[in-house]
Each structure stands twice: as C-alpha cells, then as structure tokens.
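As a plain string of letters, each chain reads:
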Amino acid sequence: MGFFLLSWLDPSLLMLTAAGTLAGIYIGAIPGLSVTMAASILISFTFAWEVNAALALIAGVFTGGVYGGSRSAILLNIPGAPAAIASALDGYPLARRGEAGVAIGLSTVMSVLGGFIGVIALAVAAPVISEFALLFAPRDYLLLAVMGLLLVGTLSGESLAKGLFAGALGIALGMVGLDPMTAEGRFTLGTVQLMAGIPYVAAMIGFFGVSEALVQLHNLRVKPVKQDVSRIIPPWRLIRKYLPLSLRSSLIGVVIGALPGTGGDIAALMAYDQAKRTVKNPSRPFGEGAYEGLIAPESANNAAVGGAYVPMLTLGIPGDAVTAVILGALFIHGLKPGPMLMIETPHLFWFTVGNLALANIFLLVFGLTGIRAFAKLVECPPSVLIPLILVLSVVGTYSIQNSVVDVYFMLGFGIFGYLLKMYGFQVGPVILGMILGPMIDVSWRRAVISVGDDLGFLVEEAVASPLTMVLMAFMAFLLLSQVKWRALGRRLRS
Amino acid sequence: MMHRRMLLGGLAAAPLLGATTARAQAFPSRDLLGVIQWGAGGATDVTGRAVTPHVEAALGQKIVLQNRTGGTGAIGLTYVHGLPSDGYTLLYGAENPLLYKVLNISQLDYTNFTPICLLARSVPVIVANKDKPWNTLKELVDDMKRNPGRIRMASTGPGGQAHVVSTMIASTGAFRHISVPFDGEGPGLTALQGGHADWMTVGSGAVAEHVRAGRVKALAVFNETPLPSLPGVPPATADFPELARLMPWGSFYGVWAKKDIPDEAREKLVAAFRTGTANPQFTQLMTGNGNVVMNTSGAEAEAFLARWQSVTAWILQEAGAARTDPATLNIPRPS
C-alpha cells in the first residue's frame with residue numbers, strides 16, 4: 001500500500017506525472033495526435049529510465065489525453081480523439097451559445113470524477129471486473145455493438161430515415177480494407193492504400209471539423225457569440241444535481257473500458273445514449289447544448305482509463321491500444337506482464353493506482369486553468385477561425401501516420417459531410433457506423449463460426465449464458481420502452 | 001518531436017544529395033527511419049524497440065521508429081519500398097511478407113528487400129483451456145478425431161501461426177475442428193481463458209506467464225526440444241515424431257532494407273545490428289521470455305527465409321488454403 005503514495009511523495013515522479021498530464025491534454029486536444037502514438041514514442045524515449053518514471057509519465061499522458069480530446073470537440077467541433085466524438089454532440093452547441101467556458105469547466109470536473117471512479121474500481125474490484133470481462137463471448141460483443149448502433153435513432157436529427165441512411169453509409173465505409181478474418185480485400189480497388197481501410201480518425205476530422213467549417217461559410221457576416229466566462233468552475237449545486245448521471249456513466253465507462261476490444265470511444269457513445277434515454281427533463285433538448293449530453297460521455301471516457309488498466313494489470317491482457325503499448329513497455333523494462341504480475345509485484349499495481357489518482361488531481365488543476373483564453377478562441381471572427389480549423393485538420397490528419405492519402409480522404413469527407421448537412425443528414429451516424437460496423441461484422445461471423453455454422457446451437461448456447469440473456473433482455477427493454485404504446489393503441493382502435 | 005527530428009534530418013541531407021556521388025559521406029551521417037509493420041505493443045514492435053537503443057550505440061546515429069500497420073504488414077512494407085534506396089530507411093518486419101504472394105495480399109515482398117538482421121524467433125506453444133480434459137497433444141488430436149467439428153481452436157487468420165501449426169499437425173493424420181479467427185494472439189488468449197475457444201497455438205513470449213499462472217494449460221511446444229522458459233512441457237515431436245521435418249518453425253522478427261542500397265550502408269547496418277542483437281540485455285530479455293535469439297544475416301538469413309517460405313507455402317497449398325499455387329511463384333517444394 002505504501003507504493004500508492006510513491007509518486008505523490010517522490011518529487012521527480014510528481015513532476016513527471018504533472019508534465020505527462022499537461023502534455024496529454026494538448027496531445028489529446030490536437031486532432032490526429034493520439035495517446036497511443038505518444039505512449040509508443042515515450043517508450044523509446046524512456047528506455048534507459050527507471051520503470052516507475054516511465055509509467056508515471058505514460059499514466060499522465062493517458063489521463064490527460066483522453067480528457068484533452070473534448071477541448072477541440074467543444075470549441076471547434078473537431079473531436080481531438082475518438083473518445084471525444086460524443087462530447088462534440090452537445091459540447092459544440094454549448095460553445096455556439098456562448099457557454100464554452102461552462103462547457104469546459106463542466107467537462108473537466110466530470111472527467112475527473114469519472115477518472116476517480118475508474119481508479120477506485122481498479123483498486124477495489126480489478127480481479128472481479130477482469131473475470132467478468134472474460135465472460136463476454138463473440139455473441140455478446142455482437143449484442144453490445146448492435147446496442148451501440150441503436151444510437152443512430154438518437155443521432156438522426158430531423159429524420160430517422162436519413163439517420164439510417166447515414167449509419168448504413170458509415171458501415172459500408174467501415175468495411176473497406178482487408179477482411180480481418182480472411183485477409184481478402186474488400187472494396188480496395190486493388191490499391192495498397194485502401195488495404196488498411198479508411199482511417200476513421202481522418203474521416204472523423206473531415207466529417208466533424210471541415211464540414212462544420214464549410215457550413216460556417218454561410219454565416220460569414222454573423223457576429224460570433226460573446227462568450228460568458230464569468231463562471232468557469234461549475235457551481236456545487238450543478239455538480240450535485242448531475243452526480244447520479246455521472247456515476248451511472250462512469251460505471252458504463254469502467255465496464256466498456258475493461259472489455260478487451262472496446263475503449264473510450266464506444267464507452268462515451270453508449271453513455272451518451274444512456275443519458276438521452278434516462279434523463280427525462282434535460283437542461284435543453286439533446287444535441288442543442290444539453291449539459292447532460294456533455295457530462296455523460298466525459299465521465300465515461302475517463303472512467304474507461306481505469307477500466308482499461310484492469311485486464312492489463314490482472315491478466316496481462318490489454319484493455320485497449322494504449323494499455324497494449326504499456327504492456328510492451330513493462331516487457332522492455334524486464335518485467336513480466338501477465339497474470340502473475342499482481343501476485344509477484346503487487347507494488348507495481350498500487351503504484352499505478354496511486355499514479356492514476358494523482359494524474360486526475362493534476363487534471364483538475366490544469367483543466368480548470370486557461371479556460372478563459374480557450375473560450376475566447378470561439379469569439380474569433382469566422383475569417384480567422386475557419387482557416388484555423390482547416391489548417392489544424394490538415395496537419396492533424398497528416399500526423400496520424402504521415403500519410404498524404406489520409407489528408408485527401410479527410411478533405412473529401414469534409415466536403416461530402418458538408419453536402420450531407422445541407423440536405424439534412426447528420427454526420428454522427430456515419431462515424432458511428434464506421435466504428436461499430438466492423439465490430440458487428442467480425443463478432444457475428446465469429447459467433448457463427450464458433451458454433452460450426454449451426455444456428456440452433458448458437459441459440460442453445462445463448463440461452464445457457466446468463467450474460468447473453470441479460471444483454472438480450474436489456475436490449476428488448478431499450479426497444480420496448482421507446483415505443484409510444486398509447487399512441488399505438490389509439491391507432492389500432494380507430 | 002519525432003516529426004521535427006525527421007524534418008531536420010531531411011533538411012540536413014538536402015544539400016548533400018547532389019554531392020553524394022562526388023564526395024562520399026560516411027554512412028550514416030544523419031538519423032535513420034525504422035518503419036515497424038505491426039502495431040505498438042505487439043511482438044514485432046517490442047522486439048524492435050528493445051534492440052534499437054543497442055544498435056544506435058553501435059551505429060552512432062538515432063533510429064526514429066514509427067508504426068505503420070495494416071494489410072498484415074503490407075502497408076509498412078510498401079511504404080518503405082517507396083522511399084529512396086539510400087540505407088536510411090529500415091523495415092522492422094515479421095514472417096508475414098513471405099506469404100503475401102501465396103495469399104494474394106501484395107506483389108511486393110521480401111524478395112524486394114535484403115535482410116539486415118533476423119533478430120529472434122518465437123516458438124509456438126500449443127495451449128488449451130484449463131478446464132479441458134487433455135494433458136498432451138496426442139489426447140487433444142485423438143479427441144478431435146473422435147468428435148469432428150466440435151472442438152474450437154482460436155486462430156489469428158489464414159497464414160497465421162495457429163492456422164499453420166494446426167495444418168502441420170493435421171498433415172500427420174486428418175482431423176476436422178472449428179477454427180475461430182481472432183484479431184491477434186492477445187484476443188485469442190482472452191477468448192481461450194473465457195472458455196470461448198478450447199485450444200490454440202501462441203508464441204512462447206505471449207503465453208509463458210499465462211502458463212506459469214495456471215490460467216491456460218500448455219500441451220506441447222512446437223519444437224524438437226523443450227524450452228527453458230516452459231519447463232516440463234514436452235516437445236510436439238514426442239507425440240508426433242514426423243513433425244520434426246517441418247521444424248524449426250514459428251514467427252520471427254527482423255530488420256530489412258531495400259535490395260539495392262549501397263554496399264557500404266549494408267555492411268555498416270549489418271555490423272551495427274549484429275553488435276546490438278548480441279547485447280546481453282537484449283538476449284536475456286528474449287530468452288527470458290521464451291524466444292530464441294537468431295542474430296543472423298547475409299546468406300544464412302536468406303537460407304532461413306527461403307526454407308521457411310517453402311515449408312509454409314506448401315503446407316498451405318496442400319491444405320487448400322493457398323490462393324496462388326507456390327509452384328507458379330517458383331517456390332520450391334521442401335526437400
């Protein structure tokens with residue numbers, strides 16, 4: 001337990017955690033720069049260091065990076081990282097209403113809250129959560145992904161039909177590339193560039209950032225909204241009011257984060273969906289700047305950080321891409337990551353828990369400073385802001401993997417997204433389809449292959465699994481609770 | 001930071017471009033770029049990142065590492081092939097490109113490259129869910145023959161280690177099983193522990209700790225001798241002696257440069273990697289994790305690659321998994 005406080009007391013580790021968190025916020029905020037990339041560069045960089053120092057720095061970058069993505073999502077409608085996609089849905093409308101300061105303040109406090117829930121879950125329940133995560137069979141991943149896809153209904157805007165079209169388009173885009181199961185090329189037109197698929201971060205920057213910049217070209221003469229920066233730190237009564245929502249969202253975040261193969265992006269989207277379904281009287285309608293629509297994803301994606309460490313520290317199985325890199329780092333530093341890690345080197349576990357807690361405290365400090373300056377950014381006239389967004393989008397996309405092809409994709413999707421918006425289609429379902437389509441594709445095929453193509457056997461196994469039945473029951477509840485029974489009854493009677 | 005360093009490297013080299021032929025600059029005069037064809041945290045990535053600092057010390061220049069993933073490594077390989085043949089770009093790769101032509105993935109493969117150094121190889125380990133009744137490879141195979149189409153193997157896709165090893169075992173006597181493809185060894189091991197798959201083949205490095213903790217059961221190592229990191233696990237040849245003709249077989253990790261780089265650069269790189277790979281810190285790391293350090297280059301490396309390709313391609317062809325007949329690609333049958 002003494003190791004819990006190691007990074008709090010050792011001045012150099014304290015400094016490294018702080019520096020990591022601060023750097024993480026900016027890495028997260030710049031679209032294209034990802035925490036995974038930063039962590040893998042840090043591994044070469046910290047090769048000769050003591051392992052604790054390397055871990056402290058990476059934990060800081062991880063915590064800061066997941067949070068930082070919301071900055072650009074709120075201010076510019078460009079999610080800095082996939083985990084911030086859901087934050088843009090209500091965060092950006094808030095900024096357009098002159099509440100960028102409040103939005104950033106709220107997202108900071110709720111991220112830290114979610115972060116702490118993640119750390120607590122890691123500290124007290126890691127072995128239980130990881131055994132639970134192992135229970136998820138391919139059919140359960142399929143159900144999760146389908147549940148996530150129900151979000152299309154939430155994100156459709158004016159017309160469900162247009163939402164469905166956009167979602168289906170996203171799924172089709174997600175299918176491009178080598179089939180992950182048979183290595184067969186799909187829609188690759190024989191080019192190597194398309195073999196790795198369409199990079200969805202590039203698509204995300206185009207669909208969100210560039211298309212919004214193009215839409216803003218219509219309002220060049222409109223004066224930017226004056227930003228209210230008098231109250232940055234959200235008042236206590238607001239925090240208390242949203243505490244139950246934040247806790248629910250954080251629990252979703254921990255579980256989704258702990259599942260190998262799903263991370264902060266899916267956690268945040270599912271938390272957003274949950275908020276939209278459970279909050280009866282939001283501060284404003286969702287999608288138009290509801291506080292609830294920002295709080296839920298922000299709590300969930302930071303809680304997912306703690307969740308991602310759970311299978312990594314207990315089983316040596318990465319919970320997401322970043323923890324996969326950390327596993328590599330542990331290995332290079334001569335440790336043996338695996339199920340014995342917690343038994344043979346418990347100090348490493350407690351050091352990590354303490355370190356993540358510390359990073360969250362720094363997150364609160366750094367997150368709440370400098371907000372005024374950031375909020376003023378939105379007050380820039382469109383003639384400054386639009387070129388800024390375009391430059392940031394191009395540079396960010398190029399830096400994903402130094403590929404010009406990605407930049408072309410990003411610009412193409414930007415113009416396409418603009419046309420979609422002009423005709424009343426929402427771009428949210430497209431990105432959702434790109435993320436969840438491939439997951440549905442492989443989970444379904446894996447589930448069917450697992451039973452030797454015998455569907456009867458699949459049903460048999462599903463019925464025998466309590467987890468699958470609970471997920472099915474939950475999905476049935478989601479669907480049935482949305483039906484307007486009274487209206488349906490009236491229609492049937494008449 | 002990485003980008004700035006590359007940019008500065010590029011700027012520094014620009015004035016030299018015209019002068020290189022006239023006044024040969026001692027290689028290497030600036031940073032190198034190492035492109036890793038697999039993702040961060042994977043075996044290729046970890047092996048590459050572990051050896052590189054020792055190579056940098058021997059070379060006297062930095063090697064900036066970058067992951068370029070996708071297309072089972074074809075994206076990274078094609079990228080490096082598109083850069084100048086000056087020896088300043090290296091490809092950190094694994095075994096996969098040897099099967100690109102057989103599986104119709106890409107027309108570029110290691111024939112367009114020269115091996116600088118084969119770093120290490122992993123030994124496949126056949127593991128089972130801990131609640132399964134089998135304790136030896138023979139018991140597993142007998143059960144699969146008794147219950148065709150009922151037992152689930154986690155695989156990593158066609159041409160992957162699990163697929164090839166199960167095909168090799170089946171060459172001693174056919175059996176029918178369900179092969180469920182997962183996204184890699186890690187997700188496969190996860191499914192195995194959750195009971196969603198019954199058995200699989202994993203690299204020794206990835207599985208040693210899980211075996212030691214008793215979370216999975218090791219039935220055999222796909223090798224002619226036992227491994228020091230997995231004491232008490234018998235070699236597969238104990239049950240199936242005829243498998244020896246296919247061994248050694250398994251994933252390996254190495255560094256390549258384009259075929260037509262200057263001889264001077266090649267010699268310097270080979271020497272630097274030979275020194276770096278011999279570093280005790282690296283060799284201990286590899287053997288401690290159940291890998292076998294190779295540290296081979298030149299003709300010896302070429303021979304290893306040719307034999308690996310021939311054995312694997314023909315096993316796939318016989319199992320009907322090859323998309324292009326190895327005979328038309330002039331891949332000789334294994335002798």
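Residues numbered from 1 in each chain as written. Chains lettered and ligands numbered in written order. Predicted model: local features only at pLDDT ≥ 70, side-chain atom pairs only at ≥ 80, totals over all residues.

Asker: So what's going on with the sheet that holds strand β6 (residues 152-155) of chain B? Residues and values would help.
Answerer: All names here are of chain B. Spatial ordering of the open sheet is given by β7-β6-β8-β5-β9, a layout of five strands whose pairing is mixed. A single partner strand is all that each edge strand has here, and the edge strands are β7 (178-181) and β9 (216-221). Between one strand axis and the next, the sheet turns through 30° on average, direction left out of account. By the bridge criterion, five bridges tie strand β5 (residues 124-129) to β9 in an arrangement that is antiparallel. Of the residues in β9, the one forming a bridge with V127 is A218. Lying over the sheet, helix α5 (residues 161-170) contacts β5, β6, β7 and β8 (199-203), oriented at roughly 115° with respect to β8. Against the sheet, helix α7 (residues 204-212) touches β5, β8 and β9, its axis set at about 120° to β8. (Pairing = 2+ DSSP bridges. Helix = DSSP H or I, 4+ residues; strand = E, 2+ residues; numbered from the N terminus. Axes fitted to C-alpha atoms, helices over the stretch in contact; angles between N-to-C directions. Contact = placed C-beta atoms within 7 Å.)

Asker: Describe the packing of helix α10 (residues 200-216) of chain A against helix α19 (residues 404-422) of chain A, with residues and values.
Answerer: The packing of two helices is summarised by the inter-axis angle and the distance between the axes. All names here are of chain A. Direction vectors running N to C along α10 and α19 enclose 50°, while the axes themselves pass 7 Å from each other. Comparing their axes, α19 and α10 come out oblique. Every pair of crossing elements has a handedness; the one defined by α10 and α19 is right-handed. Together, A202, A203, I205, G206, F207, V210, S211, L214 and V215 of α10 and D406, F409, M410, L411, G412, F413, G414, G417, Y418 and K421 of α19 make up the contact between the two elements. Across the contact of α10 with α19, the residue classes break down as 12 nonpolar, five polar and two charged. (Parallel < 35°, antiparallel > 145°, perpendicular 65-115°, else oblique. Left-handed = near helix turned anticlockwise from the far one by under 90°. Nonpolar A, V, L, I, M, F, W, Y, C, P; charged D, E, K, R; others polar.)

Asker: I'd love a proper account of the pairing of β8(B), names of residues and values included.
Answerer: All names here are of chain B. Most of β8 is tucked away: five of the five residues are buried. Residue alternation in β8 divides its side chains into two sets, W199, T201 and G203 and M200 and V202, and both sets are buried. By the bridge criterion, five bridges tie β5 to β8 in an arrangement that is antiparallel. The residue of β8 that forms the bridge with A128 is W199. Bridging between β6 and β8 involves two bridges; their strand directions are parallel. What sits directly across from M153, in β8, is W199. (Buried ≥ 20, exposed ≤ 12 C-beta atoms within 10 Å, placed from the backbone.)

Asker: I'd like to hear about the sheet that holds strand β2 (residues 63-67) of chain B, residue by residue, with values.
Answerer: Residues and elements named next belong to chain B. The strand order across the open sheet formed by six strands is β2-β1-β3-β10-β4-β11, and the pairing between neighbours is mixed. Both edges of this open sheet fall to β2 and β11 (291-296), since each of them pairs with a single strand only. Direction aside, the axes of adjacent strands within the sheet are offset by 20° on average. Relative to β11, strand β4 (residues 113-122) runs antiparallel, the two sharing four bridges. Its bridge partner lying in β11, S122 is registered against N291.

Asker: Summarise the domain arrangement of chain B; cite the residues concerned and give the values.
Answerer: All names here are of chain B. What the domain assignment reports for chain B is domain 1 (29-122 + 250-329) and domain 2 (124-246). With 17 residues of domain 1 in contact, the opposing surface of domain 2 contributes 18 residues. For the side of domain 1 that touches domain 2, the element with the most residues is helix α10 (residues 298-318), which contributes five residues. Tallied by class, residues from the side of domain 1 that touches domain 2 come to eight nonpolar, eight polar and one charged. (Domains from an automatic or database assignment.)

Asker: Summarise the pairing of strand β1 (residues 32-36) of chain B; cite the residues concerned and give the values.
Answerer: All names here are of chain B. With five of five residues buried, β1 lies mostly within the body of the structure. What you see with β1 is no split at all: L32, G34 and I36 on one side and L33 and V35 on the other are buried throughout. Bridging between β1 and β2 involves five bridges; their strand directions are parallel. Note that in β2 the partner of I36 across the bridge is N67. Considered for its hand, the β-α-β crossover made up of β1, helix α2 (residues 43-59) and β2 is right-handed. (Right-handed = clockwise from strand over helix to strand, strands pointing away.)

Asker: Can you tell me about the environment of T47(B), naming the residues and giving the values?
Answerer: In this structure, T47(B) sits in helix α2. Dropping the residues within four chain positions of it, T47(B) is found in contact with L119(B), A120(B) and Y253(B).

Asker: Please give an account of the confidence of the model for chain B that cites residues and values.
Answerer: All names here are of chain B. Of the residues in chain B, 93% reach a pLDDT of 70 or more, and the chain-wide mean stands at 87. When the criterion is pLDDT under 50, residues 1-23 qualifies, and its contacts beyond four places in sequence or with other chains add up to 13 contacts. Scored by ipTM, the complex comes to 0.84, with pTM at 0.85. (pLDDT = per-residue confidence, 0-100.)

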